[in-house]
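Fold and geometry: a report
What follows is each chain in one-letter form.
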Amino acid sequence: MWLFLAFVLVPLIEIGLFIQVGGLIGLWPTLGLVLLTAFVGMSLMRSQGAQALNDLRGSMARLDDPTKPLAHGAMILFAGALLLTPGFFTDATGIALLIPAVREAVLKYLSRRVRMQSFTMGSMHQRPPHQRPHDPQIIDADEIDDDSRPTPGNSGWTRH
């Protein structure tokens, strides 16, 4: 239902703003203003996106929890989508999401509403070889007898 409301209300808000701003400053300045806010927003998105990517790389290098940099990156990506949508409301929302303090506030709000069950990094812990179940198909190197080694000159892979 929320998504349906967004698809109905956002265009209505944009149309109302276009009519109001266009009535105040005229058609061409209104279109120019929409294009200007989109270009300014896209340049801000590029710099903020690069910063978010660097934060993510640093978090991964330190083996820290990458949730925060990933969330910032997702919000920057969403801001870019809003900036590509023509309109004053979407541009204002997109530019607001490019401000780190606004992203922090949104992240704080979302973190109160979303509960994460668990987080792990790296591969699953494997049991040592002596604790693994015995599989007759697997031959450990220290289980090979000296008698079973091929004779010199015969690799064991070919028949002579």
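A brief report on the enclosed structure follows.

Calculation criteria
Residue positions are given per chain, counting from 1 as you read along its sequence in written order. Per-residue local features are limited, in this predicted model, to residues with pLDDT of at least 70; the limit for side-chain atom pairs, both in listing and counting, is 80 or more; totals at the level of whole chains, interfaces and linings are taken over all residues. Based on all heavy atoms of the structure, the side-chain values leave hydrogens and waters out of the count. A pair is scored as a salt bridge if a Lys or Arg side-chain nitrogen falls within 4 Å of a carboxyl oxygen belonging to Asp or Glu. Counting from the N terminus, the helices are DSSP H or I runs at least four residues long and the strands are E runs at least two residues long. Exposure is judged per residue with a 1.4 Å probe applied to protein chains only, and the accessible area is read against the type maximum: over 50% gives exposed, under 20% gives buried, and values in between give partly exposed. Patch construction takes residues with relative accessible area above 30% that form no salt bridge. Like charges are linked within 9 Å, and nonpolar side chains (Val, Leu, Ile, Met, Phe, Trp, Tyr) are linked within 5 Å. Residue exposure ignores everything except the shown protein chains as possible cover, and the areas themselves are Shrake-Rupley values with a 1.4 Å probe. Multiplying 1.5 Å by the helix residue count minus one yields the expected span of that helix. The contact criterion used is simple: two residues touch if any of their non-hydrogen atoms lie within 4.5 Å. Put simply, two rings from Phe, Tyr or Trp (the six-membered ring, in Trp's case) pair if the centres are within 6.5 Å, and we call them stacked under 30 degrees between planes, edge-to-face over 60, tilted for the rest. With axes taken as lines fitted to C-alpha atoms, and helix axes fitted only over the stretch in contact, angles between N-to-C directions fall between 0 and 180 degrees. For classification purposes, an angle smaller than 35 degrees is called roughly parallel, one larger than 145 roughly antiparallel, one from 65 to 115 roughly perpendicular, and anything else oblique. When the near helix sits turned anticlockwise from the far one by under a right angle, the crossing is termed left-handed; a clockwise turn instead gives a right-handed crossing. Residue polarity is assigned by list, with Asp, Glu, Lys and Arg as charged and Ala, Val, Leu, Ile, Met, Phe, Trp, Tyr, Cys and Pro as nonpolar; anything else, Gly included, falls into the polar class.

All right, on to the pattern of salt bridges then. Taken as a whole and judged by the stated rule, the model has two salt bridges. Here lysine 68 makes a salt bridge to glutamate 104, at a shortest N to O gap of 3.4 Å. Of this pair, lysine 68 sits in helix α3 (residues 67–84) while glutamate 104 sits in helix α5 (residues 100–113), placing them 36 residues apart in sequence. The exposure class assigned to lysine 68 is partly exposed, which follows from its relative accessible area of 43%.

Before going further, it helps to examine a nonpolar patch on the surface. A surface patch of nonpolar side chains, amounting to about 1200 Å² of accessible area, comprises Met1, Trp2, Phe4, Leu5, Val8, Leu9, Leu12, Ile13, Ile15, Ile19 and Phe89. At nine residues, the largest contribution of residues to the nonpolar patch is made by helix α1 (residues 2–25). With respect to the element layout, leucine 5 can be found in helix α1.

On to α3, then. Look at α3: 26 Å from first C-alpha to last across 18 residues, which is about the 26 Å you get at 1.5 Å a residue. Among the residues of α3, those classed as buried are Pro69, Ala71, His72, Met75, Ile76, Ala79, Gly80, Leu82 and Leu83. The inward-facing, buried residues of α3 abut α2 (27–61), α4 (88–97) and α5.

With that settled, consider the packing of aromatic side chains. For the coordinates displayed, the defined rule picks out one aromatic pair. Between phenylalanine 18 and phenylalanine 88 the ring centres are 5.5 Å apart and the planes differ by 55°, which places this aromatic pair in the tilted class. One end of the pair, phenylalanine 18, is in helix α1; the other, phenylalanine 88, is in helix α4, with 70 residues separating them in the sequence. Residue phenylalanine 18 is classed as partly exposed on the basis of its relative accessible area, which comes to 27%. Phenylalanine 88 sits in the buried class, given a relative accessible area of 14%.

Look at α3 against α4: their axes get within 8 Å of each other, and the N-to-C directions meet at 155°. Between α3 and α4, the angle is such that the two are roughly antiparallel. Two packed elements cross with a definite hand, and for α3 against α4 that hand is left-handed. Residues Met75, Phe78, Ala79, Leu82 and Leu83 of α3 pack against Thr90, Asp91, Thr93, Gly94, Ile95 and Leu97 of α4. For the contact of α3 with α4, a count of residues per class yields seven nonpolar, three polar and one charged.

Where α3 meets α5, the closest approach of the two axes is 10 Å, and the angle between their N-to-C directions is 115°. Classed by the angle they form, the pair α3 and α5 counts as roughly perpendicular. When you trace α3 past α5, the crossing you get is right-handed. Seen from α3, the contacting residues are Lys68, Ala71, His72, Met75 and Ile76; seen from α5, they are Pro100, Arg103, Glu104, Val106 and Leu107. Here the residues of the contact of α3 with α5 are counted per class, giving six nonpolar, one polar and three charged.

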